[in-house]
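If you want the building blocks of each chain, they are given just below.
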Amino acid sequence: MMYQQAAPDITQTSLRGRILSGFAMATMATLFTLETKAYFSKDISTTLSLANSNSEQRIRLNFNITMMDLPCDYATVDVYSTVGFQKNITKDVRKFNIDEDGVLQQYEARNWHQDDVELWDPAVIETVEDLHGDGEDAISLDGDTFPYAKKEYPFLFVKFYTSNCPNCDDFAPTWEALGEIVTDASMHMVDDFMEEKGMDYYHYSDEEYEQAVNVMAPVLVTRLDCGAYPDVCKEEQIRAYPTTRLFVDGKAAGDYDGHRTVMELVHWLSHMEAAYRQPGQFKMHNIFKHASERTIRSEEERIWNDALMRYRAPSPFFNSTRHPGCQLVGHVMVDTAPGKFLIQAQSFGKDFSAHLTNVSHIVHHFSFGDIEAQGRVENGGWKGIPSKFVQSLHPLDGNVYVTSGLHQAYHHHMRVVTTEFEQSHLIKWAGETVRRVYRILSNTQLSTYRTSIVPEAKFEYDLSPIAMSYLEVSRNWYDYSTGLLAIIGGCFTVIGMLESSVALFSKGNRYYL
């Protein structure tokens, strides 16, 4: 016979055999389930390698930052790297005014090209010394006379400047010429009034006549040196020089940031007068006549300015003092080299006060790479991504950086790590579009500047030469089959050993009895 007949005691059923067989079947079923689940799950393989510098020469930098005390007119975005720089970037950058209460305005601020603004009036050929030959017509104010002038004169036009400001020096003859023109117009208004009333000039002193001229003036043109009276300028929040501000009934009505020519200044004053005075109280047309005679150089220019005077649209350079903040949103392409992203106060025609420049900011978003790829990583639901992985894509988001002292600014230092997803099942949940994202290791420090340097919000970055790769690894089918056979054989072996031990123990007890 090929096979021997099994012993009767083996083929006979027993309670002990049924229990062990049931235990063996339950054990194999559990192990089969766990092995099958492990087969269909994915393991994560992480590797480190040198980053491929030739894959991308430039990467995208995304930002959404609110400057809490820097107007949009002055907030500029610059990018510097070891291989080049980009200054005053306007492409793909949007600005939104933030009012003094921190409320986002519903309109987008325009990024004016300040280098297009005329910094002085070429029609004024005299120097300041020549214009001062017959006295100063732009009245110089100090810490005591400034509050008095705001209280006594309904229309007060003040130029805030410093003695070490080149732009202020260039603008000085134009401003003095405006003062002379206003004085001449006011003198003609006083003379016409006295002639109309039949008043005798000889009955009034020079001081009384000068006082009458100032009272009759449509606007009082003045200047204040912020270097000599810094407390006044700090109280008025003057950040840049020169700043030309109009006060109406003692309150700031707005700053003028347009062309620094006499006619443009007069046109703007006429527009402001129309907004704050009743039609029967208009006086600026008297200044316009004298300004035309002084500065207009051709008949075509005269016709054009006459038309503007009859209908003057709101000046695009009107800058309300109620919008101190700015939210900057957009993206720039930066070189894959160590560099820095800067938000700072800049203007072609202004010099900024270092101690009054505040670059406190809120980082709503700051990241590198494709935004859609980040979104798919965040929302894809792949359980294999480490818990802090998503946060490391934009670690600065939601943080507020407020400086409490003068000449201070927060600097952010970032090491950017390229994270790649290899071709595998890993990226199928993302529509096979996620290939690379960038993790950020950040460190923020409060820096102190020298008193002569204007602070800036700085984001320094450096791409790590080491790249991290994630790869999903699945088990092969033959590994799964081998595991199943091992479970079957192992269970029978263990159960057989257990049954033999129990049988031996039972025989020993019967022999003893």
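The text that follows walks through the structure, step by step, so that each part is easy to find. (Residues numbered from 1 in each chain as written. Predicted model: local features only at pLDDT ≥ 70, side-chain atom pairs only at ≥ 80, totals over all residues. Heavy atoms only, no water.)

### Focus: the overall build of the protein chain
Regarding its fold elements, the protein chain presents 13 helices and 22 strands. If you take every contact in the protein chain between residues at least 6 apart in sequence, the share linking residues at least 24 apart comes to 82%. Put simply, the protein chain shows about 28400 Å² of open surface, and 54% of that area lies on carbon and sulfur atoms. (Helix = DSSP H or I, 4+ residues; strand = E, 2+ residues; numbered from the N terminus. Contact = heavy atoms within 4.5 Å. Areas by Shrake-Rupley, 256 points an atom, 1.4 Å probe, with all protein chains shown as cover.)

### Describing the nonpolar core
Residues Leu 61, Phe 63, Val 332, Phe 341, Phe 366, Phe 368 and Phe 459 are the most contacted members of the largest nonpolar core, which totals 39 residues. Looking at this core, the elements with two or more residues in it are β2 (58–67), β3 (75–81), β14 (325–335), β15 (339–345), β17 (361–368), β19 (408–421), β20 (436–448) and β21 (456–463). No other element matches the five residues that β2 contributes to this core. One finds Leu 131, Val 262, Trp 268 and Ala 291 within the second-largest nonpolar core, a separate group that totals 30 residues. (Core = buried A, V, L, I, M, F, W, Y, C linked by side-chain atoms within 4.5 Å. Buried < 20%, exposed > 50% of the residue type's maximum accessible area, 1.4 Å probe, protein only.)

### Description of unusual backbone geometry
Backbone torsion omega between Tyr 241 and Pro 242 reads -5°, so that peptide bond is classified as cis. Take Pro 242: it is sitting in the loop between β10 (240–241) and β11 (243–248). Residues other than glycine seldom take positive phi values, yet His 407 does so here, at roughly 60°. Note on placement: His 407 falls in the loop between β18 (399–401) and β19. Since its relative accessible area comes to 15%, His 407 is described here as buried.

### Notes on the pairing of β11
Counting buried residues along β11, six of its six residues qualify, which places the element largely inside the surrounding structure. Alternating residues of β11 divide into Thr 243, Arg 245 and Phe 247 and Thr 244, Leu 246 and Val 248, and every residue in both groups is buried. Pairing of strand β8 (residues 155–161) with β11, which is carried by six bridges, proceeds in the antiparallel orientation. Across the sheet, the residue bridging to Leu 156 is Phe 247, located in β11. Of the pairings in the sheet, the one linking β11 to strand β12 (residues 251–256) comprises five bridges and is antiparallel in character. (Pairing = 2+ DSSP bridges.)

### A closer look at the pattern of salt bridges
As enumerated under the stated definition, the model contains eleven salt bridges in all. The partner of Lys 87 in a salt bridge is Asp 78, and the shortest N-O contact between them spans 3.8 Å. A relative accessible area of 43% means that Lys 87 is categorised as partly exposed. Its salt-bridge partner being Asp 257, residue Lys 350 comes within 3.3 Å of it at the nearest N-O pair. Here Lys 350, found in the loop between β15 and β16 (351–352), pairs with Asp 257, found in the loop between β12 and α8 (262–276); they are 93 residues apart in sequence, far enough to count as distant. Its relative accessible area of 7% is what places Lys 350 among the buried residues. Here the salt bridges share partners, and the residues they tie into one network are Lys 150, Glu 236, Arg 245 and Asp 255. (Salt bridge = Lys/Arg side-chain N within 4 Å of Asp/Glu carboxyl O.)

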